[in-house]
Amino acid sequence: MFDKWEELEESIKDCKKCKLCQGRQNIVFGVGNKKAKVMFIGEGPGADEDKQGEPFVGRAGKLMNLAFQTVGIKREEVYIGNIVKCRPPNNRDPEEDEVRECINYLRNQVKLIEPQVIVLLGRIALQNILGKELKITTSRGKWIEKKGIQYMPTWHPAALLRDETKKVDFINDLQKVVDFLHNN
Ligand code: URA
Ligand code: SF4
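If you're wondering where the values come from, they're calculated on a predicted model, not measured in any experiment.

S.K.: Would you explain the site of ligand 1 in this entry?
M.R.: In the neighbourhood of ligand 1, the contacting residues comprise Gly 42, Glu 43, Gly 44, Glu 49, Pro 55, Phe 56, Asn 82 and His 156. Within the side chain of Asn 82, one N or O atom sits 2.8 Å away from a nitrogen atom of ligand 1. His 156 is positioned such that a nitrogen or oxygen atom in its side chain is 2.8 Å from an oxygen atom of ligand 1. In isolation ligand 1 offers 240 Å² of accessible surface; the protein chains occlude 92% of this area. Of the residues in the shell around ligand 1, the class split is 2 nonpolar, 4 polar and 2 charged.

See the structure below:
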């Protein structure tokens, strides 16, 4: 664990700890406010993210930005990261060995940011952070407290592209986060 962002960022440069390094254009480290009260954690970069080196800049990200606007979250006031930082081929799920190698970078980011709330975007984020036994369909929208951090699992933004009806849930879940921060 590094105590300084510069050291952490230096340590990930040219990372080849897992096989996802082979197909990437860019490592998508994460972006946002390093003192954020809220962190958003996705799954891994898609094609647009890989190209631009920034999380959630493609279609799913644009939809997430719209939801942010709806509830009054500013993208620059939160921190956005992913479980794995290099794009899995054909956007497949990250594999266990890849997550095992990569997740320490994310843990270090969490430790440096010390967020009050972490929003888990979809099943991959939920299961790798809070436990493989959890289901996104039953966990979403419900607070889970662990080691002083409040977790809010919700749909992955890409799921909203496939199923419009999930948008309402997503916005409601974000609203719970906004309300929590107003009261804490
Ligand atoms: N999907 C993710 O899980 N993360 C991104 O950064 C983009 C799409
Ligand atoms: Fe390194 Fe993570 Fe990329 Fe794997 S996914 S090469 S562990 S940065």
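S.K.: I would appreciate a short explanation of the side chain of Thr 154 in the present structure.
M.R.: As for its position among the elements, Thr 154 is in strand β6 (residues 149-154). Owing to a relative accessible area of 0%, Thr 154 belongs among the buried residues under this scheme. A distance of 2.7 Å separates polar atoms of two side chains, one belonging to Thr 154 and the other to Asp 173. Residues within four places of Thr 154 in sequence aside, it is in contact with Val 119, Leu 120, Leu 121, Gly 122, Ile 136, Arg 140, Phe 170 and Asp 173.

S.K.: Explain the pairing of strand β2 (residues 38-42) to me, please; I cannot follow it from the model alone.
M.R.: Looking along a regular strand, one sees side chains alternate from face to face of the sheet. The element β2 is largely enclosed, with a buried count of 5 among its 5 residues. Burial along β2 is two-sided: Val 38, Phe 40 and Gly 42 and Met 39 and Ile 41, pointing in opposite directions, are all buried. Bridge analysis of β2 against strand β4 (residues 117-121) gives 4 bridges, and the strand direction is parallel. Bridge assignment links Phe 40 to a residue of β4, and that residue is Val 119. Taken together, the 4 bridges between β2 and strand β3 (residues 79-82) define a ladder with parallel strand orientation. Counted as the bridge partner of Met 39 is Tyr 79 from β3.

S.K.: What is the right way to look at the packing of helix α3 (residues 59-71) against helix α8 (residues 166-183) in this model?
M.R.: To describe two helices that pack against each other, one gives the angle between their axes and the distance between the axes. Look at α3 against α8: their axes get within 10 Å of each other, and the N-to-C directions meet at 50 degrees. Between α3 and α8, the interaxial angle falls into the category oblique. Two packed elements cross with a definite hand, and for α3 against α8 that hand is right-handed. Contact residues: α3 offers Leu 63, Met 64, Ala 67, Phe 68, Thr 70 and Val 71, while α8 offers Lys 167, Phe 170, Ile 171, Leu 174, Gln 175 and Val 178. Residue composition of the contact of α3 with α8, grouped by class: 9 nonpolar, 2 polar and 1 charged.

S.K.: Before we go on, may I ask you to explain the pattern of salt bridges in this structure?
M.R.: Within the structure shown, the criterion is met by 15 salt bridges. The shortest N-O distance in the salt bridge between Lys 13 and Glu 10 comes to 3.4 Å. The exposure class assigned to Lys 13 is exposed, which follows from its relative accessible area of 54%. A salt bridge links Lys 19 to Asp 97, with the nearest nitrogen and oxygen atoms 2.7 Å apart. Linking Lys 19 in the loop between α1 (5-12) and β1 (31-32) with Asp 97 in helix α4 (residues 96-113), this pair joins segments that are 78 residues apart in sequence. One network of salt bridges, with partners in common, ties together Lys 19, Arg 92, Glu 95, Asp 97 and Glu 98.

S.K.: Hey, could you run me through the nonpolar core in this one?
M.R.: The tendency in soluble globular proteins is for nonpolar side chains to be buried as a group. In this structure, Phe 40, Ile 41, Ile 83 and Leu 120 are the most contacted members of the largest nonpolar core, which totals 57 residues. Tallying contributions element by element places α4 first for this core, with 8 residues. Residues contacting Phe 40, with those up to four places away along its chain left out, are Phe 68, Ile 73, Val 78, Tyr 79, Ile 80, Gly 81, Val 119, Leu 121 and Leu 174.

S.K.: Any chance you could explain the confidence of the model for the chain here in plain terms?
M.R.: Low pLDDT marks regions whose predicted coordinates should not be analysed in detail. Averaged over all residues, the pLDDT of the chain is 98; the fraction at 70 or higher stands at 100%. The least confident element of the chain, judged by mean pLDDT, is helix α7 (residues 157-162) at 97; the most confident is β4 at 99.

S.K.: Looking at this structure, I do not really get the pairing of β6. What am I missing?
M.R.: By the criterion of burial, β6 is predominantly enclosed, with 5 of the 6 residues buried. Here 5 bridges tie β4 to β6, and the two strands are oriented parallel to one another. Bridged to Val 119 within β6 is Met 152. Relative to β6, strand β5 (residues 144-146) runs antiparallel, the two being bridged by 3 bridges. By the bridge assignment, Glu 145 is partnered in β6 with Gln 150. Linking two consecutive strands that pair antiparallel, namely β5 and β6, is a turn of 2 residues; a positive phi of about 45 degrees is found at Lys 147 within it.

What counts as what
- Residues numbered from 1 in each chain as written.
- Chains lettered and ligands numbered in written order.
- Predicted model: local features only at pLDDT ≥ 70, side-chain atom pairs only at ≥ 80, totals over all residues.
- Heavy atoms only, no water.
- Near = heavy atom within 4 Å.
- Polar contact = N/O pair within 3.5 Å; in protein donor to acceptor, adjacent residues only side chain to side chain.
- Areas by Shrake-Rupley, 256 points an atom, 1.4 Å probe, with all protein chains shown as cover.
- Nonpolar A, V, L, I, M, F, W, Y, C, P; charged D, E, K, R; others polar.
- Helix = DSSP H or I, 4+ residues; strand = E, 2+ residues; numbered from the N terminus.
- Buried < 20%, exposed > 50% of the residue type's maximum accessible area, 1.4 Å probe, protein only.
- Contact = heavy atoms within 4.5 Å.
- Pairing = 2+ DSSP bridges.
- Axes fitted to C-alpha atoms, helices over the stretch in contact; angles between N-to-C directions.
- Parallel < 35°, antiparallel > 145°, perpendicular 65-115°, else oblique.
- Left-handed = near helix turned anticlockwise from the far one by under 90°.
- Salt bridge = Lys/Arg side-chain N within 4 Å of Asp/Glu carboxyl O.
- Core = buried A, V, L, I, M, F, W, Y, C linked by side-chain atoms within 4.5 Å.
- pLDDT = per-residue confidence, 0-100.

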